[in-house]
Amino acid sequence: MRRLAACVAALICLVAVPADARPLRVMSLDQCADQYVLALRPDAELALSPRADDPDAWLREAARGRLRLRPTLEAAVTFQPDVVVRYWGGEPRLLSRLEARDIRTAEIADATDFDGIRANIRAVAHALDAAPRGEALIARMDARLAEAAPKTPARPTALYLTPGGFTAGRETLMDSIFRAAGVRNAEERPYFQPVSVERIALFPPVRFVLGFFDQSRADWRGPGRHPVVRNATRGKVAAHLPAAALTCPAWFAADAAALLRDGQA
């Protein structure tokens, strides 16, 4: 009888272990959230977005081989996540169902400065029980910002430009990147603004900072790729910032600042 009781007890333990010991399940609803979960909980069972390994994803190499799911209610029901992380992704049905079921969620805010990014990292790290990794990520970002800091008081002026013909002024993360690298933003208006080909032809900036131009298909007929603009930028590009460093309000914005600083050296 004792032997039978011991066998039954062992069987109960074996059955109970998988439910209790399975790794944390984390579902990411968009490409920005992918970067956060890959950096903060690489040991978790991750369900990433379909764009996790696109060329403009910062951690695209780390995303390879990981499960990819569309950010839908049906996918979430199948995966049964413990935590959901999002920046902009997810359909209304999914978001309302997550809220109704009290599933832990972490929202990445649209940060416009590095303090906002620090808050994002800590919020997501808290939701993922990864506070030490979060602080390590912040320390890495701060080290990159220290590298990006200007070595002289001179502040050259530059205009940020995308292939679609947009620039970024005050109260944007790009403006914070400029300031971190000691560059004065030529756009004095707040937020994102269109820049016409005519403006560049008549009042060409002293120098440009180009973003997203590494994406060959990005607005390939946009104002930023116009021959007049191409001529105006020739010999005046302070830095080419890759799309992967700009698509998400995350720690790698400091890498963009370091690249910009290198362009001023």
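Residues numbered from 1 in each chain as written. Predicted model: local features only at pLDDT ≥ 70, side-chain atom pairs only at ≥ 80, totals over all residues. Heavy atoms only, no water.

Peer 1: Quick question: what am I supposed to make of the confidence of the model for the chain here?
Peer 2: Predicted coordinates in regions of low pLDDT should not be interpreted in detail. Of all residues in the chain, 90% attain a pLDDT of 70 or more, and the chain-wide mean is 89. Considering only residues more than four positions removed or in separate chains, one finds that residues 1-19, a stretch of pLDDT under 50, has 1 contact. (pLDDT = per-residue confidence, 0-100. Contact = heavy atoms within 4.5 Å.)

Peer 1: Hey, could you run me through the pattern of salt bridges in this one?
Peer 2: Should the charged atoms of two oppositely charged side chains come close, the side chains can pair. Counted according to the given criterion, the structure contains 21 salt bridges. Across the pair Asp53 and Arg68 runs a salt bridge whose closest N-O atoms are separated by 3.1 Å. Taken together, the positions of Asp53 in the loop between strand E2 (45-48) and helix H3 (60-63) and Arg68 in strand E3 (residues 67-68) put the pair 15 residues apart, joining distant regions of the chain. Residues Glu91 and Arg93 are paired through a salt bridge, measuring 3.2 Å at the closest nitrogen-oxygen approach. (Salt bridge = Lys/Arg side-chain N within 4 Å of Asp/Glu carboxyl O. Helix = DSSP H or I, 4+ residues; strand = E, 2+ residues; numbered from the N terminus.)

Peer 1: Sorry, what's going on with the sheet that holds strand E4 (residues 83-86) here?
Peer 2: Sheet strands pair by backbone hydrogen bonding; their relative direction is either parallel or antiparallel. Here 5 strands make up an open sheet; going across it, the order is E3-E2-E1-E4-E5 and the pairing parallel. What marks the edges here is a single partner per strand, and that holds for E3 and strand E5 (104-107). Bridge count between strand E1 (residues 25-28) and E2: 3 bridges; the pairing is parallel. Within E2, the residue paired with Val26 across the bridge is Leu46. Strand contacts of helix H2 (residues 31-40): E1, E2 and E4, with the helix running at about 165° to E2, the strand carrying the most contacts. This element, helix H6 (residues 114-127), spans E4 and E5 of the sheet and lies at about 170° to E5. (Pairing = 2+ DSSP bridges. Axes fitted to C-alpha atoms, helices over the stretch in contact; angles between N-to-C directions.)

Peer 1: I tried to follow a nonpolar patch on the surface on my own but got confused; where do I start?
Peer 2: Side chains of Phe166, Tyr191 and Phe192 sit close together on the surface and give an oily, nonpolar patch of about 350 Å² of accessible area. By the element assignment, Phe166 lies in strand E7 (residues 166-168). (Patch = residues over 30% accessible without salt bridge, like charges linked within 9 Å, V, L, I, M, F, W, Y side chains within 5 Å. Areas by Shrake-Rupley, 256 points an atom, 1.4 Å probe, with all protein chains shown as cover.)

Peer 1: Explanation requested: the packing of aromatic side chains in the structure shown.
Peer 2: By convention here, two paired aromatic rings are described through the distance between centres and the angle between planes. One pass over the full model with this rule turns up 3 aromatic pairs. With a centroid separation of 5.0 Å and an interplanar angle of 20°, the aromatic rings of Trp58 and Phe252 are classed as stacked. Of this pair, Trp58 sits in the loop between E2 and H3 while Phe252 sits in the loop between strand E11 (237-241) and helix H11 (253-264), and the two are 194 residues apart along the sequence. Look at Trp58 and you get partly exposed, because its relative accessible area is 27%. These aromatic residues form a ring-pair network of at least three members: Tyr36, Trp58, Trp251 and Phe252. (Phe/Tyr/Trp six-rings, centres within 6.5 Å; stacked < 30°, edge-to-face > 60°. Buried < 20%, exposed > 50% of the residue type's maximum accessible area, 1.4 Å probe, protein only.)

Peer 1: Help me understand unusual backbone geometry in this model?
Peer 2: Glycine aside, residues mostly have negative phi, and peptide bonds are mostly found in the trans state. Phi angles above zero are rare outside glycine, and Asp102 is one such case at about 60°. Along the chain, Asp102 turns up in the loop between helix H5 (92-100) and E5. Residue classification places Asp102 among the exposed positions, given a relative accessible area of 69%. Not every positive phi belongs to a glycine, and Glu171 is a case in point at roughly 65°. For Glu171, the location among the structural elements is in the loop between E7 and helix H8 (173-180).

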